[in-house]
Structure formats: C-alpha cells, structure tokens
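Structural characterization, general
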Amino acid sequence: MTDDKQLILVEIKERVALLRLNRPEAMNALNSALMIELMDKLEQLDADDSVGAFVLTGDARAFAAGADIKEMAEASSVELMLKGHISPFDRIKKITKPIIAAVSGWCLGGGNELAMSCDMIVASESARFGQPEINLGVIPGAGGTQRLTRAVGKALAMEMVLNNRTLTAEDALRRGLVNRVVPVERYLVEAMQLATEIAARAPLAVRLGKEAVNRAFETHLADGIQEERQSFYFLFASEDQKEGMRAFGEKRKPNWKGK
C-alpha cells in the first residue's frame with residue numbers, strides 16, 4: 001500500500017502562498033519525501049505570477065524538530081552522497097520570491113537550517129532554535145554551521161554547534177536570527193500580514209532587493225555593492241519604476257505590473 005498523504009499543505013490567500021509542513025506525528029521531522037515535495041511546490045508557485053510571497057510554517061508545537069533520524073541512522077556516507085540527501089536544500093536558494101518562516105515551538109537541526117534558508121523568520125514566544133547534531137555524533141550538514149555563524153556570530157554559533165545550546169525566541173531576536181517575536185496566537189497572522197505587505201509591492205524591485213541582500217550575506221562587500229548598483233540601475237528600465245515615481249508625484253497608490 002502506498003502512502004498518498006500530502007506532506008506539504010498549500011493555501012493561497014490573496015498573493016501569499018502558505019505552505020505547511022504536514023508530519024505532526026513526527027513533529028514535522030524533515031525526511032527526503034517531505035523536502036522534495038516542499039521544493040517542488042515552491043518552484044511551481046515561484047513561477048506563478050499570481051503569487052508574490054511565501055509563508056512556510058509547521059504547527060504551534062514544532063516548525064520542524066530536525067531531520068528524520070530513522071531515515072539516516074544506518075546509511076553510509078557514500079549512500080547519502082549518491083542519493084544527494086541534502087541536495088533539496090540547495091533548491092531553495094533559487095526561489096526568487098521572498099519566503100518567510102513562521103516558527104513556533106521546536107526549530108532544531110534540519111528544521112533550523114530550513115528556517116535559516118528562508119529570507120525572514122517570524123517567531124512565536126514559544127520558539128526554540130538549536131543545532132543538536134553533536135548529540136548524535138555529527139554536525140549540521142545543510143548550512144547550519146555557515147548560516148548560523150553569519151547570523152549570530154562565531155562564539156555563540158560555536159556553543160550551539162559544539163554544546164547544543166538552544167536559543168529562546170527573544171535570544172534569537174537579540175542576536176539577529178529572527179526579525180520578529182510575537183505571542184503564540186499571533187505568529188502565523190503576523191507572518192501572513194508581513195508577506196501580504198511585501199507581495200503588494202513592486203515585484204521586480206522585491207526580487208532584486210532579495211537578491212542584493214542575499215549577496216551581502218554571502219559575498220565580499222565590494223562584490224555585493226557592485227551587484228546592488230547594477231540592480232538599482234536595471235530597475236530604471238522597468239515600467240514599475242516609472243509608475244512608482246509617477247504615483248509618488250501624483251500622491252496616489254502605484255499600480256504595479258511586474259514589468
């Protein structure tokens with residue numbers, strides 16, 4: 001018998017696509033099937049002009065409590081490499097529209113790596129962030145040591161990776177890992193509202209703004225500034241730039257075309 005359960009639930013509200021991880025019985029642990037389904041849906045919706053932004057979430061108890069350890073426990077290094085076990089994480093970098101992670105409860109291991117792969121994190125007061133792989137005799141393998149260090153700094157990242165320190169939502173906000181912390185009952189509403197506001201803005205500018213900020217995160221300053229400048233100039237060839245500045249002068253709301 002095949003399991004035809006949907007591992008990713010999709011709901012579209014206005015111009016925001018809400019994607020829910022749907023393995024509550026496993027605290028949304030990330031197995032290969034879930035990750036492939038998630039990336040397939042993100043890529044499909046990224047090509048849909050009616051969608052302007054994404055919200056990715058789990059449930060109030062857990063965003064994702066980690067990778068599926070049962071799936072990996074007996075695997076060899078060669079097997080994991082040949083199967084491209086971590087490669088689905090690479091696909092999220094190619095998504096052009098903003099992705100907001102709405103995090104409540106546990107956000108650990110691969111779950112934290114998935115949240116950090118998103119563009120913003122809205123956290124509930126109950127959110128807990130960590131990289132506990134050291135307890136299993138391994139280290140993060142989907143960008144955890146790299147993105148975490150850039151977000152919170154070397155010393156704190158070292159303690160989290162080497163000694164399983166967990167951050168509260170407020171810790172994560174102070175350290176720059178998340179951009180908002182709200183009450184549990186508001187975290188998804190807040191993330192959806194933020195995504196709705198962004199989705200209503202000029203699509204080309206949003207896309208290039210995302211690319212420019214990611215470039216700053218991933219490259220040297222001089223290269224990032226050059227990339228930013230080219231995107232800035234490029235936007236002056238767009239209809240949206242003309243409309244946005246014209247609307248500003250006419251004191252009206254712009255009508256974005258994404259062109």
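Up top is the structure.
All chains use their own residue numbering, which begins from 1 and follows the written sequence. Side-chain atom pairs in this predicted model are given and counted only at pLDDT of 80 or more, local residue features only at pLDDT of at least 70, and totals for whole chains, interfaces and linings cover all residues. The side-chain figures draw on all heavy atoms in the structure; neither hydrogens nor water molecules are used.

Topic: the sheet that holds strand 4 (residues 62-64)
Strand order in this open sheet of four strands is 4-6-8-9, and the pairing throughout is mixed. This sheet does not close on itself; its edge strands, each paired only once, are strand 4 and strand 9 (167-168). Pairing between strand 8 (residues 128-130) and strand 9: two bridges, direction antiparallel. Residue pairing in the sheet places R128 in a bridge with T168 of strand 9. At least two bridges found by DSSP between two strands are what make those strands a pair. Only DSSP runs of H or I reaching four residues or more are called helices, and only runs of E reaching two or more are called strands; each is numbered from the N terminus.

Thoughts on the side chain of N22
When you line up the elements, N22 lands in the loop between strand 2 (16-21) and helix 1 (32-46). In what follows, a contact means two residues having at least one pair of non-hydrogen atoms within 4.5 Å. Contacts of N22, omitting those with residues within four sequence positions, involve K5, Q6, L7, I8, L9, N28 and L34.

Notes on a nonpolar patch on the surface
On the surface, F232, Y233, F236 and M245 cluster together to form a nonpolar patch covering roughly 460 Å² of accessible area. Inspection of the secondary structure assignment puts F236 in the loop between helix 11 (221-235) and helix 12 (239-249). Take F236: its relative accessible area is 36%, and that puts it in the partly exposed class. Here a patch means residues that are over 30% exposed by relative accessible area and free of salt bridges, tied together within 9 Å if like-charged and within 5 Å if nonpolar (Val, Leu, Ile, Met, Phe, Trp, Tyr). Accessible areas in this description were obtained via Shrake-Rupley with a 1.4 Å probe; residue shielding takes into account the shown protein chains only. Between Lys or Arg on one side and Asp or Glu on the other, a salt bridge is scored when a side-chain nitrogen of the former is within 4 Å of a carboxyl oxygen of the latter. Here's how the labels work: a residue is buried when its accessible area is under 20% of the maximum for its type, exposed when over 50%, partly exposed in between, all with a 1.4 Å probe on protein chains only.

Details of the pairing of strand 3 (residues 53-57)
Burial analysis of strand 3 places five of its five residues in the buried class, which makes it a mostly covered element. Residue alternation in strand 3 divides its side chains into two sets, A53, V55 and T57 and F54 and L56, and both sets are buried. We call a crossover right-handed when, viewed with the strands running away from us, the connection from the first strand over the helix to the second turns clockwise. Handedness of the crossover joining strand 2 and strand 3 through helix 1 is recorded here as right-handed.

Some thoughts on the sheet that holds strand 3
Overall, mixed pairing links the six strands, which are arranged 1-2-3-5-7-10 in an open sheet. Two strands bound the open sheet, and with one partner strand each, they are strand 1 (8-13) and strand 10 (180-182). Neighbour-to-neighbour, the strand axes of the sheet open up by a mean angle of 20 degrees, direction not taken into account. Axis angles are defined between N-to-C directions and span 0 to 180 degrees, where every axis is a line fitted to C-alpha atoms and, for a helix, only to the segment in contact. Sitting on the sheet, helix 9 (residues 187-199) touches strand 1, strand 2, strand 3, strand 5 (99-103), strand 7 (120-124) and strand 10, and the angle it makes with strand 3 is about 165 degrees.

By themselves, these figures tell us nothing about what the structure is for.
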